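# Structural overview
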Amino acid sequence: MTDGAGRQGIALSEKQRIAWLRLIRSDNVGPVTFRDLINHFGTAEAALEMLPELSRRGGAARAIRIASHADAERELDLAYRHNAVLVGIGEPDYPTLLRKTDGAPPLLAMKGNLRIASDVAVGIVGSRNASIVGAKFAGMLARDLGAAGYAVVSGLARGIDTAAHRASLATGTIATMAGGLDQPYPPENVGLLGEITSGNGLAVSEMPFGWEPRARDFPRRNRLIAGMGLGLVVVEAANRSGSLITARNAADFGRLVFAVPGSPLDPRAHGTNELLKDGAIVTTSASDILDALAPLHGADQFQTVSGADEPAMDSGDLPLPPNDGDRDRIASALGPTPVEIDEIIRHTDLPAATVYLVLLELDLAGRLHRYSGGLVALAID
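Source: prediction; values computed, not measured. Note on numbering: residues in each chain are counted from 1, in written sequence order. With the structure being a predicted model, the display of local features is reserved for residues of pLDDT at least 70 and the display and counting of side-chain atom pairs for 80 or more, all residues being used for whole-chain, interface and lining totals. Hydrogens and water molecules were not included; the side-chain quantities draw on all heavy atoms of the structure.

Once that is clear, we can look at the overall build of the chain. The way it works is that DSSP assigns letters per residue, a run of H or I at least four long becomes a helix, a run of E at least two long becomes a strand, and they are numbered from the N terminus. For the chain, the helix and strand inventory stands at 15 helices and 12 strands. Each principal axis of the C-alpha atoms in the chain carries an extent, and together these give about 60 × 45 × 40 Å. With a 1.4 Å probe rolled over the protein chains alone, any residue whose accessible area is under 20% of its type maximum counts as buried; one over 50% counts as exposed, and the rest are partly exposed. Counting only residues that meet the buried cut, the chain has 50% of its 381 residues in that class. Long-range contacts, defined as pairs at least 24 residues apart, comprise 71% of the intrachain contacts of the chain with a sequence gap of at least 6. To be clear on the numbers: accessible area is Shrake-Rupley with a 1.4 Å probe, and residue cover counts the displayed protein chains and nothing else. A total accessible area of about 16900 Å² is found for the chain, and carbon and sulfur atoms account for 52% of it. Positive and negative charge centroids in the chain, built from 36 and 45 side chains respectively, lie 5 Å apart. Contacts were defined at the residue level, with two residues in contact if any of their heavy atoms lie within 4.5 Å. Here the positive residues are Lys and Arg and the negative ones are Asp and Glu; neither His nor the chain ends is included. All charge positions are set by atom: Lys at NZ, Arg at CZ, Asp at CG, Glu at CD.

Further remarks concern the packing of aromatic side chains. Note on ring pairs: Phe, Tyr and Trp rings are taken, using the six-membered ring of Trp, and paired if centres are within 6.5 Å. Classes follow the plane angle, with under 30 degrees stacked, over 60 edge-to-face and the rest tilted. Under the defined criterion, the tally for this structure stands at 2 aromatic pairs. Each ring, one from W20 and one from F34, has its centre 5.2 Å from the other, and the planes form 70°; the classification is edge-to-face. Of this pair, W20 sits in helix α1 (residues 14-24) while F34 sits in helix α2 (residues 31-41), and the two are 14 residues apart along the sequence. Aromatic pair Y185 and F218: ring centres 5.9 Å apart, planes at 70°, arrangement edge-to-face. Here the residue Y185 occupies a position in the loop between β5 (173-176) and α7 (190-198), and F218 occupies one in helix α8 (residues 218-228), the gap between them amounting to 33 residues. Classification of Y185 by relative accessible area gives partly exposed; the value is 40%. We call a charge positioned over a ring when the NZ of a Lys or the CZ of an Arg lies within 6 Å of the ring centre and within 35 degrees of the ring normal. For the cation-ring pair, R128 lies above F218, with the distance from its terminal atom to the ring centre recorded as 6.0 Å.

We now examine the environment of F253. With respect to the element layout, F253 can be found in the loop between α9 (242-252) and β8 (256-259). For F253, a relative accessible area of 16% gives the class buried. Each C-alpha atom, one on F253 and one on G180, is 25 Å from the other, the two residues being 73 residues apart in sequence. For F253, the residues in contact, after removing those within four places along its chain, are T101, D102, R223, A226 and G227.

Moving on: the nonpolar core. Here, nonpolar core means buried Ala, Val, Leu, Ile, Met, Phe, Trp, Tyr and Cys residues that are tied together by side-chain atoms lying within 4.5 Å of each other. Core analysis: the biggest nonpolar cluster contains 68 residues, and L23, V29, L37, L51 and I174 have the highest contact counts within it. With 6 residues, the single largest contributor to this core is α1. The contact partners of I174, leaving out residues within four places of it in the chain, are I116, A151, V152, V153, S154, H165, L202, V204 and M228. With 23 residues, the next largest nonpolar core counts I124, L230, V235 and V260 among its residues.

This part covers the pattern of salt bridges. By definition here, a salt bridge exists when the distance from a side-chain nitrogen of Lys or Arg to a carboxyl oxygen of Asp or Glu is within 4 Å. As enumerated under the stated definition, the model contains 21 salt bridges in all. A salt bridge links R57 to E53; the nearest nitrogen and oxygen atoms lie 3.7 Å apart. Residue R57 and its partner E53 are both found in helix α3 (residues 44-57); the two are separated by 4 residues, about one turn of the helix. Taking the relative accessible area as the measure of exposure, R57 reaches 16% and is therefore buried. Between D324 and R327 there is a salt bridge, with the nearest N and O atoms lying 3.1 Å from each other. Of this pair, D324 and R327 both sit in helix α13 (residues 324-333), 3 residues apart, roughly one helical turn. D324 sits in the exposed class, given a relative accessible area of 56%. Look at R327 and you get buried, because its relative accessible area is 14%. A network of salt bridges, in which partner residues are shared, links E53, R56, R57, D324, R327 and E361.

On to the sheet that holds strand β4 (residues 151-154), then. Backbone hydrogen bonds are what pair the strands of a sheet, in a parallel or an antiparallel way. In this scheme, strands are said to pair when DSSP sees at least two bridges between them. Pairing is mixed in the open sheet, where 9 strands are placed in the order β1-β2-β6-β5-β4-β3-β7-β8-β9. If you trace the sheet from one side to the other, it starts and ends with β1 (85-88) and β9 (281-282), each paired once. Of the strands in this sheet, β3 (121-126), β7 (231-235), β8 and β9 touch helix α11 (residues 286-293), which is tilted by about 165° from β8. Here, axes are lines fitted to C-alpha atoms. For helices the fit covers the stretch in contact, and angles between N-to-C directions go from 0 to 180 degrees.

Running from amino to carboxyl end, helix α6 (residues 160-167) crosses α7 at an angle of 35°, the nearest separation of the two axes being 11 Å. Seen along the crossing, α6 lies across α7 with a hand that is left-handed. Residues T162, H165 and R166 of α6 touch α7, and the partners they reach there are L192, E195 and I196. Taken together, the residues of the contact of α6 with α7 sort by class into 2 nonpolar, 2 polar and 2 charged. By definition, any crossing whose near helix is turned counterclockwise from its far helix by less than a right angle is left-handed, and any crossing with a clockwise turn is right-handed. Note that Gly is not counted as nonpolar here; it falls among the polar residues with everything else outside the nonpolar set of Ala, Val, Leu, Ile, Met, Phe, Trp, Tyr, Cys and Pro and the charged set of Asp, Glu, Lys and Arg.

Another point: the layout of surface pockets. Looking at the largest pocket, its volume works out to about 1200 Å³. Here a cavity is any set of points on a 1 Å grid over the protein atoms alone where a 1.4 Å probe fits but cannot get out, and a pocket is any open set with protein on both sides within 12 Å along at least 5 of 7 lines; a residue lines the site when it has an atom within 4 Å of a point. Looking at the largest pocket, it is lined by 43 residues, and the ones nearest its centre are V29, G30, P31, E206 and R220. Listed by contribution, the elements that provide at least two residues to the lining of the largest pocket are α2, α8, α9 and β11 (368-371). Of the residues assigned to the lining of the largest pocket, the class counts are 19 nonpolar, 10 polar and 14 charged. Grid points are joined across faces, edges and corners, and a volume is the space filled by probe spheres set on the points.

Attention now moves to α3. Take the residue count of a helix, subtract one, and multiply by 1.5 Å to get its expected span. The end-to-end C-alpha distance of α3, which contains 14 residues, comes to 19 Å, matching closely the 20 Å that a straight helix rising 1.5 Å per residue would cover. Along α3, the positions that sit buried rather than exposed are A44, A47, L48, L51, L54, S55 and R57. Elements that come into contact with the buried residues of α3 comprise α1, α2, α13 and α15 (352-364).

Take a look at the structure:
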(Lines give C-alpha, C1' and ligand atoms only; values in the text may rest on other atoms or scores of the structure.)
Protein backbone atom coordinates (compact mmCIF):
# COMPACT_ATOMS: atom_id res chain seq x y z
CA MET A 1 0.00 0.00 0.00
CA THR A 2 1.32 3.47 -0.91
CA ASP A 3 0.39 6.75 0.79
CA GLY A 4 -0.14 10.10 -0.91
CA ALA A 5 3.59 10.85 -0.86
CA GLY A 6 4.49 7.59 -2.59
CA ARG A 7 5.74 5.88 0.57
CA GLN A 8 4.88 2.25 1.05
CA GLY A 9 3.52 0.58 4.14
CA ILE A 10 0.45 -0.42 6.12
CA ALA A 11 -0.66 1.62 9.13
CA LEU A 12 -1.19 -0.12 12.44
CA SER A 13 -4.49 0.34 14.21
CA GLU A 14 -4.30 1.83 17.69
CA LYS A 15 -5.19 -1.58 19.11
CA GLN A 16 -2.35 -3.21 17.20
CA ARG A 17 0.09 -0.48 18.23
CA ILE A 18 -0.68 -1.06 21.91
CA ALA A 19 -0.30 -4.83 21.49
CA TRP A 20 3.02 -4.37 19.64
CA LEU A 21 4.26 -2.05 22.36
CA ARG A 22 3.26 -4.48 25.11
CA LEU A 23 5.03 -7.33 23.32
CA ILE A 24 8.34 -5.55 22.69
CA ARG A 25 8.41 -4.17 26.25
CA SER A 26 7.87 -7.60 27.83
CA ASP A 27 10.75 -9.55 29.36
CA ASN A 28 13.12 -11.39 27.01
CA VAL A 29 11.42 -10.09 23.86
CA GLY A 30 13.89 -8.41 21.53
CA PRO A 31 13.41 -7.46 17.87
CA VAL A 32 14.23 -10.93 16.50
CA THR A 33 12.09 -12.69 19.09
CA PHE A 34 9.26 -10.25 18.36
CA ARG A 35 9.41 -11.09 14.65
CA ASP A 36 9.49 -14.83 15.32
CA LEU A 37 6.51 -14.57 17.65
CA ILE A 38 4.48 -12.73 15.02
CA ASN A 39 5.53 -15.26 12.39
CA HIS A 40 4.40 -18.15 14.61
CA PHE A 41 1.21 -16.74 16.08
CA GLY A 42 0.05 -14.20 13.52
CA THR A 43 -0.65 -11.25 15.81
CA ALA A 44 0.94 -9.53 18.78
CA GLU A 45 -2.23 -10.19 20.79
CA ALA A 46 -2.00 -13.93 20.16
CA ALA A 47 1.71 -13.89 21.00
CA LEU A 48 1.05 -12.08 24.29
CA GLU A 49 -1.39 -14.81 25.30
CA MET A 50 1.25 -17.46 24.58
CA LEU A 51 4.19 -15.84 26.42
CA PRO A 52 3.57 -17.45 29.83
CA GLU A 53 3.16 -20.92 28.31
CA LEU A 54 6.20 -20.58 26.03
CA SER A 55 8.35 -19.32 28.88
CA ARG A 56 7.22 -22.19 31.15
CA ARG A 57 7.93 -24.78 28.45
CA GLY A 58 11.39 -23.27 27.98
CA GLY A 59 12.24 -23.91 31.62
CA ALA A 60 11.93 -20.39 33.07
CA ALA A 61 12.69 -20.19 36.79
CA ARG A 62 9.96 -17.59 37.34
CA ALA A 63 6.93 -16.18 35.58
CA ILE A 64 7.71 -13.90 32.68
CA ARG A 65 6.83 -10.21 33.10
CA ILE A 66 4.42 -9.02 30.43
CA ALA A 67 3.95 -5.29 29.87
CA SER A 68 0.42 -4.28 30.78
CA HIS A 69 -2.15 -2.52 28.63
CA ALA A 70 -1.97 0.44 31.03
CA ASP A 71 1.84 0.62 30.70
CA ALA A 72 1.56 0.71 26.91
CA GLU A 73 -1.12 3.40 27.00
CA ARG A 74 1.03 5.51 29.35
CA GLU A 75 4.03 5.23 27.01
CA LEU A 76 1.94 6.21 23.99
CA ASP A 77 0.48 9.16 25.89
CA LEU A 78 3.96 10.27 26.98
CA ALA A 79 5.17 10.15 23.38
CA TYR A 80 2.25 12.27 22.20
CA ARG A 81 2.85 14.80 24.98
CA HIS A 82 6.44 15.13 23.68
CA ASN A 83 5.11 15.64 20.12
CA ALA A 84 6.53 12.25 19.16
CA VAL A 85 5.00 9.12 17.66
CA LEU A 86 5.69 5.38 17.82
CA VAL A 87 6.04 4.01 14.30
CA GLY A 88 5.80 0.31 13.41
CA ILE A 89 8.26 -1.40 11.09
CA GLY A 90 5.81 -1.77 8.19
CA GLU A 91 4.30 1.71 8.37
CA PRO A 92 5.04 4.40 5.76
CA ASP A 93 7.04 6.61 8.14
CA TYR A 94 9.44 3.85 9.25
CA PRO A 95 12.99 4.42 7.88
CA THR A 96 13.08 2.72 4.50
CA LEU A 97 16.41 0.91 4.66
CA LEU A 98 16.35 0.12 8.37
CA ARG A 99 13.28 -2.10 7.98
CA LYS A 100 15.32 -4.39 5.69
CA THR A 101 17.99 -5.13 8.32
CA ASP A 102 18.31 -8.13 10.58
CA GLY A 103 16.94 -7.25 14.02
CA ALA A 104 15.30 -3.95 13.05
CA PRO A 105 13.27 -2.54 15.97
CA PRO A 106 9.55 -3.33 15.62
CA LEU A 107 8.70 0.14 16.92
CA LEU A 108 10.64 3.41 16.80
CA ALA A 109 9.93 6.57 18.76
CA MET A 110 10.24 9.42 16.26
CA LYS A 111 10.09 13.19 16.65
CA GLY A 112 10.49 15.87 14.01
CA ASN A 113 10.01 15.80 10.25
CA LEU A 114 8.86 12.23 9.62
CA ARG A 115 9.20 12.57 5.85
CA ILE A 116 12.98 12.49 6.18
CA ALA A 117 12.76 8.85 7.27
CA SER A 118 11.99 7.89 3.67
CA ASP A 119 14.89 9.90 2.18
CA VAL A 120 18.01 8.09 1.01
CA ALA A 121 20.54 8.64 3.79
CA VAL A 122 24.26 8.37 4.53
CA GLY A 123 25.69 7.86 8.00
CA ILE A 124 28.62 9.92 9.26
CA VAL A 125 30.38 8.93 12.50
CA GLY A 126 33.74 9.44 14.13
CA SER A 127 35.71 10.45 17.17
CA ARG A 128 34.09 12.28 20.06
CA ASN A 129 37.48 13.87 20.69
CA ALA A 130 37.67 15.13 17.12
CA SER A 131 40.42 17.34 15.78
CA ILE A 132 39.54 20.74 14.33
CA VAL A 133 40.39 19.48 10.86
CA GLY A 134 38.35 16.28 11.33
CA ALA A 135 35.25 18.15 12.49
CA LYS A 136 35.60 20.65 9.63
CA PHE A 137 35.92 17.85 7.06
CA ALA A 138 32.91 15.98 8.48
CA GLY A 139 30.90 19.18 8.14
CA MET A 140 32.04 19.64 4.54
CA LEU A 141 30.98 16.09 3.68
CA ALA A 142 27.59 16.52 5.38
CA ARG A 143 26.88 19.80 3.53
CA ASP A 144 27.84 18.33 0.16
CA LEU A 145 25.82 15.15 0.74
CA GLY A 146 22.83 17.23 1.81
CA ALA A 147 23.12 19.40 -1.28
CA ALA A 148 23.08 16.21 -3.36
CA GLY A 149 19.77 15.15 -1.77
CA TYR A 150 20.94 12.78 0.97
CA ALA A 151 19.82 12.91 4.58
CA VAL A 152 22.71 12.63 7.04
CA VAL A 153 22.43 10.15 9.93
CA SER A 154 24.58 10.31 13.04
CA GLY A 155 24.48 9.66 16.78
CA LEU A 156 24.27 13.13 18.40
CA ALA A 157 27.62 12.54 20.13
CA ARG A 158 30.34 15.14 20.62
CA GLY A 159 32.87 15.77 17.89
CA ILE A 160 32.27 14.33 14.44
CA ASP A 161 28.58 13.55 15.04
CA THR A 162 27.86 17.10 16.17
CA ALA A 163 29.68 18.58 13.17
CA ALA A 164 27.76 16.34 10.76
CA HIS A 165 24.38 17.20 12.29
CA ARG A 166 25.01 20.95 12.33
CA ALA A 167 26.18 21.00 8.74
CA SER A 168 23.04 19.18 7.54
CA LEU A 169 20.38 20.97 9.60
CA ALA A 170 19.04 22.77 6.54
CA THR A 171 19.01 19.79 4.18
CA GLY A 172 17.90 17.03 6.56
CA THR A 173 19.58 15.21 9.43
CA ILE A 174 18.58 12.23 11.57
CA ALA A 175 19.80 11.87 15.16
CA THR A 176 19.74 8.35 16.55
CA MET A 177 19.66 8.12 20.32
CA ALA A 178 20.73 5.47 22.83
CA GLY A 179 18.23 6.59 25.47
CA GLY A 180 14.69 7.90 25.29
CA LEU A 181 13.98 10.91 23.10
CA ASP A 182 13.76 13.00 26.27
CA GLN A 183 17.20 11.81 27.48
CA PRO A 184 19.74 13.24 25.01
CA TYR A 185 23.41 12.48 25.53
CA PRO A 186 25.66 14.37 25.92
CA PRO A 187 23.71 17.05 27.82
CA GLU A 188 25.39 19.89 25.91
CA ASN A 189 23.61 18.74 22.75
CA VAL A 190 20.12 19.38 24.13
CA GLY A 191 20.01 22.60 22.11
CA LEU A 192 21.17 20.83 18.95
CA LEU A 193 18.49 18.18 19.40
CA GLY A 194 15.89 20.94 19.65
CA GLU A 195 17.15 22.48 16.41
CA ILE A 196 16.96 19.09 14.70
CA THR A 197 13.42 18.20 15.79
CA SER A 198 11.98 21.69 15.26
CA GLY A 199 13.42 22.08 11.77
CA ASN A 200 14.18 19.83 8.83
CA GLY A 201 15.38 16.98 11.00
CA LEU A 202 14.32 13.89 12.90
CA ALA A 203 15.24 12.15 16.17
CA VAL A 204 14.70 8.41 16.57
CA SER A 205 15.08 5.89 19.38
CA GLU A 206 13.90 2.37 20.11
CA MET A 207 13.98 3.03 23.86
CA PRO A 208 11.04 4.33 25.93
CA PHE A 209 10.77 7.92 27.14
CA GLY A 210 12.58 8.39 30.43
CA TRP A 211 15.22 5.76 29.61
CA GLU A 212 18.66 7.09 30.57
CA PRO A 213 21.30 5.77 28.15
CA ARG A 214 23.74 3.20 29.52
CA ALA A 215 26.95 1.87 28.00
CA ARG A 216 25.22 -1.22 26.61
CA ASP A 217 22.62 0.92 24.82
CA PHE A 218 25.10 2.65 22.50
CA PRO A 219 25.89 -0.42 20.33
CA ARG A 220 22.13 -0.69 19.74
CA ARG A 221 22.13 2.97 18.71
CA ASN A 222 25.07 2.26 16.38
CA ARG A 223 23.03 -0.41 14.59
CA LEU A 224 20.37 2.20 13.83
CA ILE A 225 22.95 4.49 12.23
CA ALA A 226 24.37 1.63 10.17
CA GLY A 227 20.95 0.39 9.10
CA MET A 228 19.43 3.73 8.08
CA GLY A 229 22.09 4.74 5.60
CA LEU A 230 22.91 3.45 2.15
CA GLY A 231 26.52 3.96 3.17
CA LEU A 232 28.54 4.88 6.26
CA VAL A 233 31.44 7.36 6.42
CA VAL A 234 33.96 7.16 9.25
CA VAL A 235 35.95 10.34 9.97
CA GLU A 236 38.58 9.82 12.68
CA ALA A 237 38.20 6.70 14.81
CA ALA A 238 40.60 5.21 17.28
CA ASN A 239 41.11 1.48 17.53
CA ARG A 240 38.30 -0.29 19.42
CA SER A 241 35.99 2.71 19.11
CA GLY A 242 32.23 2.70 18.76
CA SER A 243 32.60 4.04 15.23
CA LEU A 244 34.32 0.81 14.21
CA ILE A 245 31.41 -1.17 15.67
CA THR A 246 29.08 0.93 13.53
CA ALA A 247 31.25 0.26 10.48
CA ARG A 248 31.17 -3.48 11.16
CA ASN A 249 27.37 -3.34 11.45
CA ALA A 250 27.17 -1.43 8.17
CA ALA A 251 29.29 -4.05 6.41
CA ASP A 252 27.13 -6.83 7.87
CA PHE A 253 24.05 -5.05 6.48
CA GLY A 254 25.62 -4.88 3.02
CA ARG A 255 26.19 -1.12 3.14
CA LEU A 256 29.17 0.62 1.57
CA VAL A 257 31.77 1.70 4.14
CA PHE A 258 33.86 4.83 3.52
CA ALA A 259 36.86 5.96 5.57
CA VAL A 260 38.85 9.17 5.63
CA PRO A 261 42.61 8.48 5.76
CA GLY A 262 44.68 10.16 8.46
CA SER A 263 48.18 10.45 9.81
CA PRO A 264 49.67 7.23 11.18
CA LEU A 265 50.92 9.36 14.08
CA ASP A 266 47.39 10.37 15.14
CA PRO A 267 45.64 7.74 17.30
CA ARG A 268 42.30 9.08 16.00
CA ALA A 269 43.26 7.83 12.54
CA HIS A 270 44.32 4.31 13.52
CA GLY A 271 40.81 2.90 13.19
CA THR A 272 40.01 4.60 9.88
CA ASN A 273 43.34 3.53 8.38
CA GLU A 274 42.63 -0.05 9.43
CA LEU A 275 39.22 0.16 7.75
CA LEU A 276 40.97 1.21 4.54
CA LYS A 277 43.25 -1.83 4.79
CA ASP A 278 40.13 -3.98 5.15
CA GLY A 279 38.57 -2.61 1.98
CA ALA A 280 36.73 0.56 2.96
CA ILE A 281 36.46 3.17 0.20
CA VAL A 282 39.09 5.91 0.40
CA THR A 283 37.27 9.19 0.98
CA THR A 284 38.92 12.56 0.39
CA SER A 285 35.84 14.41 -0.90
CA ALA A 286 32.08 13.98 -1.10
CA SER A 287 32.42 12.97 -4.75
CA ASP A 288 34.03 9.69 -3.63
CA ILE A 289 30.83 8.90 -1.73
CA LEU A 290 28.41 10.18 -4.38
CA ASP A 291 30.12 8.26 -7.20
CA ALA A 292 30.07 4.99 -5.25
CA LEU A 293 26.43 5.32 -4.16
CA ALA A 294 25.01 6.45 -7.51
CA PRO A 295 24.68 2.92 -9.01
CA LEU A 296 22.72 1.75 -5.95
CA HIS A 297 19.78 4.07 -6.49
CA GLY A 298 16.64 2.30 -7.59
CA ALA A 299 17.91 -1.02 -6.28
CA ASP A 300 15.46 -3.61 -4.97
CA GLN A 301 16.14 -2.59 -1.37
CA PHE A 302 14.22 0.64 -2.05
CA GLN A 303 11.28 -1.06 -3.71
CA THR A 304 10.41 -4.05 -1.53
CA VAL A 305 8.76 -3.16 1.74
CA SER A 306 7.78 -5.50 4.55
CA GLY A 307 4.14 -5.22 5.57
CA ALA A 308 2.96 -4.67 9.10
CA ASP A 309 -0.37 -6.36 8.66
CA GLU A 310 -1.20 -9.19 11.03
CA PRO A 311 -3.11 -11.89 9.18
CA ALA A 312 -5.79 -13.55 11.27
CA MET A 313 -5.02 -17.15 12.15
CA ASP A 314 -7.43 -19.95 12.91
CA SER A 315 -6.62 -22.06 15.92
CA GLY A 316 -5.88 -24.91 13.53
CA ASP A 317 -3.07 -22.85 11.99
CA LEU A 318 -1.13 -22.60 15.25
CA PRO A 319 1.91 -24.89 15.43
CA LEU A 320 1.58 -27.82 17.80
CA PRO A 321 3.82 -27.72 20.89
CA PRO A 322 7.03 -29.73 20.47
CA ASN A 323 7.32 -32.85 22.60
CA ASP A 324 9.92 -33.24 25.34
CA GLY A 325 12.08 -35.45 23.14
CA ASP A 326 12.31 -32.74 20.48
CA ARG A 327 13.21 -30.15 23.12
CA ASP A 328 15.96 -32.37 24.52
CA ARG A 329 17.44 -32.96 21.04
CA ILE A 330 17.54 -29.25 20.30
CA ALA A 331 18.91 -28.25 23.71
CA SER A 332 21.58 -30.97 23.43
CA ALA A 333 22.63 -29.61 20.03
CA LEU A 334 23.23 -26.17 21.53
CA GLY A 335 26.20 -25.00 23.53
CA PRO A 336 27.93 -21.73 24.46
CA THR A 337 29.38 -21.37 20.93
CA PRO A 338 27.04 -19.55 18.50
CA VAL A 339 25.67 -21.64 15.62
CA GLU A 340 23.32 -20.97 12.72
CA ILE A 341 19.72 -22.05 13.11
CA ASP A 342 19.92 -23.91 9.78
CA GLU A 343 22.72 -26.01 11.31
CA ILE A 344 20.46 -26.94 14.22
CA ILE A 345 17.72 -27.99 11.79
CA ARG A 346 20.13 -30.17 9.82
CA HIS A 347 21.77 -31.64 12.93
CA THR A 348 18.51 -32.58 14.66
CA ASP A 349 16.62 -33.49 11.46
CA LEU A 350 13.54 -31.82 12.93
CA PRO A 351 11.04 -29.60 11.08
CA ALA A 352 12.10 -25.94 10.93
CA ALA A 353 8.86 -24.86 12.65
CA THR A 354 9.64 -27.14 15.60
CA VAL A 355 13.18 -25.81 15.94
CA TYR A 356 12.08 -22.19 15.78
CA LEU A 357 9.38 -22.77 18.37
CA VAL A 358 11.76 -24.47 20.83
CA LEU A 359 14.26 -21.64 20.36
CA LEU A 360 11.46 -19.19 21.16
CA GLU A 361 10.68 -21.12 24.34
CA LEU A 362 14.34 -21.07 25.41
CA ASP A 363 14.64 -17.39 24.50
CA LEU A 364 11.60 -16.35 26.52
CA ALA A 365 12.87 -18.41 29.44
CA GLY A 366 16.15 -16.45 29.35
CA ARG A 367 18.13 -19.53 28.33
CA LEU A 368 19.17 -18.45 24.82
CA HIS A 369 21.59 -15.83 23.47
CA ARG A 370 20.94 -14.39 20.02
CA TYR A 371 23.72 -12.94 17.88
CA SER A 372 23.79 -10.97 14.64
CA GLY A 373 23.53 -13.03 11.49
CA GLY A 374 20.92 -15.37 12.95
CA LEU A 375 23.34 -17.14 15.28
CA VAL A 376 22.18 -18.55 18.63
CA ALA A 377 23.84 -20.12 21.64
CA LEU A 378 22.71 -21.61 24.93
CA ALA A 379 22.95 -19.22 27.87
CA ILE A 380 25.27 -20.73 30.45
CA ASP A 381 24.81 -19.60 34.07
